[in-house]
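# Per-entry structural report
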Amino acid sequence: MILRQNLSPAIVGCFCVLSFLTVLVMAAPWLSPSDLSEVNLLDRFRPPVFMGGTWQYPLGTDALGRDMLSLILRAIQVSLTIAVIGTIGGAIVGTTLGLVAAWIGGILDAIVGTLVDFQATIPTLILILALITVLPSADFTVFVAIMIFHGWDRYARLARAIALSAKSQPYVQAQQIMGASTFRIITRSVLPNAMAVLLVNMSINFPQTILAETTLSFLGVGIQPPDVSLGLLIGIGRDQLFNAPWVALMPGFLILITTISISVLGDWARDLVEAD
Amino acid sequence: MNWYLFRLGRACITILLLLILAFFALAASGDPAQILLGPDTSQAAIDAFREKWGLTLPLWQQFLIYLNGLLHMNFGLSYRTGESALALVLDRIPVTLSLVLPTILLSIALGVPLGILSAMHRGRFIDRLAITLSVVGLSVPSFLLGVLAMYLFSVKLGWLAPSGYVDWSSYIMPVATLSTVGIGTYARFTRSAMVEVMSRPMIETARASGLSEGIIHRVHALPNALTPLITITALEFGHFVTYAAVVENVFGWQGTGSLLIESVSARDFAVVQAIMIITGVTMILANLLADLSYGFIDPRIADLRHRSARRLRTVCES
């Protein structure tokens, strides 16, 4: 019933945008008309249909004559997959560390606390850039790992606080007296109670992960060619703003609607949780 | 006093962690001899190189040498140019500050009033507009804003130079791009701080004694709401420095940020680590100062902490 009361057109719109993007990601291999590596130098800088182009290249071509539609489909796939895995992975790692630290306490708690403090103090982008400098190559897997690293500290902080307060609650103490294992108490009682807060944090973290990945790729230190991401496409298109603005503008538009949709949904979800 | 010592100790541990991380990253970044001299170098040359840079010593000795170097302001040499990494970074810092300082001022000057306005008209149109704008401002990547601004004002309208420093108008696009994030952050924090303060009993009392809403907002609520903004500014400073890296790159400014990206691309870790340490230590000190200044600005907070520390001690001792 809460759902029905708060569903505004904007929220429905954001849901639709995200569902559409999800379908695109799933269907990308079948939808894309040509191979990514297919270079056609005779057809460079063809404008998209809505800027006076032909249907041979519905979204135009880039500086190498590659089909923009195929590039963009692959870019959405790469950027969103990294963001989804990074967000979920960060949530799992952070929550586990936070819960375990709070439950066991002592030195482990102090270590996790210091690490969380550390990551909250030093700008994450700088830490990530330092990591990239050191790592031999930033391929897809490495990049997913970096994105997991990007947001774990907030989950750990939240999970730790929730576990600490739960530890002193009668329902947890009752279970301990009845002989339930720690694992059972954490997974069956503490975690479900923390779920709402953690999910809201995921909705905050997700756009930030997209932001981080696209920013790094834009700067040329993220996803490397011949693979593409939305940020990398904008980075390529920036140099052609004067003669082929669509190369940068179309991926830019996609990033805009994605991050704004998720942020609006996240705000809405947080209001729901706080209203409870 | 205990609490201050605790904060100070925590800051020291964080700095030490940062240095250990920087050092091990440096050690793990591969054998500099191989990277610098290339694969075709003779073994004798490699050995001489390793000897010269102290790479044959055990790791912990290297770490001590490294710390000693840092204390003497020696951050190592850039692999690319052979210059001192610190000198390279210090050379670029004024450019970054000339972007970041106006941005912080602009963000406070626009974001705080926007947050106050939004809190005063809570739930009404102005509030929702302000929230939506700040959500948009926070969720759009700054490189995208920069590219869009460049497209609109340089390509389409031709009003501003697309990149580099020409005259004062070159500041408009980078500072505006950077400020979008800052204005959103300040507006959101000011709003929630104001809303929180407005729900305190003292506001009821002020209302009951017949003060006008304007006076309540300005005299009673605002000073209380502004205290957290010190922490926000300390935290935001680090964010601005990283966003500046992006914006400098977009608009072709030769600041610390573009140096950072160049060095990451070239795997020039000495420079990356110098920037990381300088930014990190600045951030840690800024946070520490913000924390410590709370006690001076609002004596109740210091008092509260003393009492909770004392209570903790009695609990521990009993």
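Not measured: the values here are computed from a predicted model.

Rules and cut-offs
Residues numbered from 1 in each chain as written. Chains lettered and ligands numbered in written order. Predicted model: local features only at pLDDT ≥ 70, side-chain atom pairs only at ≥ 80, totals over all residues. Heavy atoms only, no water. UniProt positions renumbered as here; feature names shortened; annotations may be inferred. Helix = DSSP H or I, 4+ residues; strand = E, 2+ residues; numbered from the N terminus. Polar contact = N/O pair within 3.5 Å; in protein donor to acceptor, adjacent residues only side chain to side chain. Contact = heavy atoms within 4.5 Å. Expected span 1.5 Å × (residues − 1). Buried < 20%, exposed > 50% of the residue type's maximum accessible area, 1.4 Å probe, protein only. Salt bridge = Lys/Arg side-chain N within 4 Å of Asp/Glu carboxyl O. Axes fitted to C-alpha atoms, helices over the stretch in contact; angles between N-to-C directions. Parallel < 35°, antiparallel > 145°, perpendicular 65-115°, else oblique. Nonpolar A, V, L, I, M, F, W, Y, C, P; charged D, E, K, R; others polar. Buried area = accessible area lost by both parts, 1.4 Å probe. Phe/Tyr/Trp six-rings, centres within 6.5 Å; stacked < 30°, edge-to-face > 60°. Lys NZ or Arg CZ within 6 Å of the ring centre and 35° of its normal. Core = buried A, V, L, I, M, F, W, Y, C linked by side-chain atoms within 4.5 Å. Domains from an automatic or database assignment. Patch = residues over 30% accessible without salt bridge, like charges linked within 9 Å, V, L, I, M, F, W, Y side chains within 5 Å. Areas by Shrake-Rupley, 256 points an atom, 1.4 Å probe, with all protein chains shown as cover. pLDDT = per-residue confidence, 0-100.

### Overview of the UniProt feature "transmembrane region" (unreviewed entry) in chain A
Residues and elements named next belong to chain A. UniProt records the feature "transmembrane region" (unreviewed entry) for residues 7–31, 71–93, 100–120, 126–149 and 246–266 in the present numbering. Secondary structure content for residues 71–93 is 100% helix and 0% strand, and the end C-alpha separation is 32 Å. This span, residues 246–266, is 100% helix and 0% strand, and a straight line between its end C-alpha atoms measures 30 Å.

### A short note on the side chain of A:Gln119
All names here are of chain A. Mapping Gln119 onto the fold places it in helix α4 (residues 106–121). A polar side-chain atom of Gln119 sits 2.8 Å from the main-chain carbonyl oxygen of Phe149. Look past the residues within four positions of Gln119 in its chain and what remains in contact with it is Thr124, Leu127, Phe149, His150, Trp152 and Asp153.

### What to know about helix α7 (residues 142–156) of chain B
Along its 15 residues, α7(B) runs 20 Å from first to last C-alpha, staying within 8% of the 21 Å computed at 1.5 Å per residue. Those residues of α7(B) that fall on the buried side of the exposure criterion are B:Ser142, B:Phe143, B:Leu144, B:Gly146, B:Val147, B:Ala149, B:Met150, B:Tyr151 and B:Ser154.

### Some details on the UniProt feature "transmembrane region" (unreviewed entry) in chain B
Mapped onto this numbering, the UniProt entry gives "transmembrane region" (unreviewed entry) at residues 95–117, 129–151, 171–189 and 269–290 of chain B. Annotated as 95% helix and 0% strand, the span residues 171–189 of chain B places its first and last C-alpha atoms 26 Å apart.

### What about the pattern of salt bridges?
Residue and element names in this part refer to chain B. The final tally for this structure, using the stated rule, is 7 salt bridges over all chains. Two residues, Asp127 and Arg191, come together in a salt bridge whose shortest N-O distance is 2.8 Å. Taken together, the positions of Asp127 in helix α6 (residues 125–139) and Arg191 in helix α8 (residues 172–198) put the pair 64 residues apart, joining distant regions of the chain. The same class applies to Asp127 as to Arg191, namely buried.

### Points about the packing of helix α7 (residues 170–177) of chain A against helix α8 (residues 182–218) of chain A
All names here are of chain A. The N-to-C vectors of α7 and α8 enclose an angle of 175°; their axes lie 11 Å apart at closest approach. What the angle tells us is that α7 and α8 run roughly antiparallel. On the side of α7, the interface is formed by Tyr171, Val172, Gln175 and Gln176, while α8 contributes Ile185, Ser189, Val190 and Asn193. Considered class by class, the residues forming the contact of α7 with α8 number 4 nonpolar, 4 polar and no charged.

### Notes on the environment of B:Ala119
Residues and elements named next belong to chain B. Structurally, the position occupied by Ala119 is in helix α5 (residues 85–120). With 58 residues separating them along the chain, Ala119 and Gln61 place their C-alpha atoms 57 Å apart. Apart from residues no more than four positions distant in its own chain, Ala119 is found in contact with Arg191, Met194 and Val195.

### Overview of the interface of chain B and chain A
Counting from both sides, the interface comprises 46 residues of chain B and, opposite them, 42 residues of chain A. In total, chain B and chain A occlude about 3900 Å² of area from one another, counting both sides; carbon and sulfur atoms represent 79% of this. If you look at where chain B meets chain A, you find 1 salt bridge. Viewed at the interface, chain A and chain B are joined by 3 residue pairs in polar contact (both at pLDDT 80 or more). Put simply, the parts of the chain that give the side of chain B that touches chain A at least two residues each are α1 (2–28), α6, α7, α10 (213–251), α11 (256–265) and α12 (269–297) of chain B. Its residues placed into classes, the side of chain B that touches chain A shows 30 nonpolar, 12 polar and 4 charged.

### Section: the packing of aromatic side chains
Residues and elements named next belong to chain A. On inspection of all chains with the given rule, the structure shows 3 aromatic pairs over all chains. Ring centres of Phe15 and Trp268 lie 6.1 Å apart, and the angle between their planes is 85°; this geometry places the pair in the edge-to-face category. Linking Phe15 in helix α2 (residues 9–31) with Trp268 in helix α10 (residues 246–275), this pair joins segments that are 253 residues apart in sequence. Overall, Phe15 belongs to the partly exposed group, its relative accessible area being 40%. Residue placement shows Lys167 over the ring face of Trp103; its charged tip is 6.0 Å from the ring centre.

### Quick notes on the nonpolar core
Ranked by internal contacts, the top residues of the largest apolar core, which has 117 residues, are A:Ile76, A:Ile132, A:Phe143, A:Leu216, A:Ile234, B:Phe143 and B:Val250. Counting residues per element, this core draws most heavily on α10(B), at 12 residues. In terms of domain composition, this core takes at least three residues from each of domain 1 (2–71) and domain 2 (86–317) of chain B. Those residues in contact with A:Ile76 that sit more than four places away from it in its chain are A:Leu21, A:Leu24, A:Val25, A:Thr81, A:Leu230 and A:Leu254. Membership of the second largest hydrophobic core comes to 10 residues, among which are A:Ala102, A:Trp103, A:Val172 and A:Ile185.

### Some words on a nonpolar patch on the surface
Residues and elements named next belong to chain B. A grouping of Leu117, Phe125, Ile126, Leu129 and Leu133 is seen on the molecular surface, where their side chains present a nonpolar patch of about 480 Å² in accessible area. Per element, the largest residue contribution to the nonpolar patch is 4 residues, and it comes from α6. Along the polypeptide, Leu117 turns up in helix α5.

### Describing the confidence of the model for chain A
Summary statistics for chain A give a mean pLDDT of 80 and a share of 87% for residues scoring 70 or more. Ranking the elements of chain A by mean pLDDT puts helix α1 (residues 2–6) of chain A last with 53 and helix α3 (residues 68–104) of chain A first with 87.

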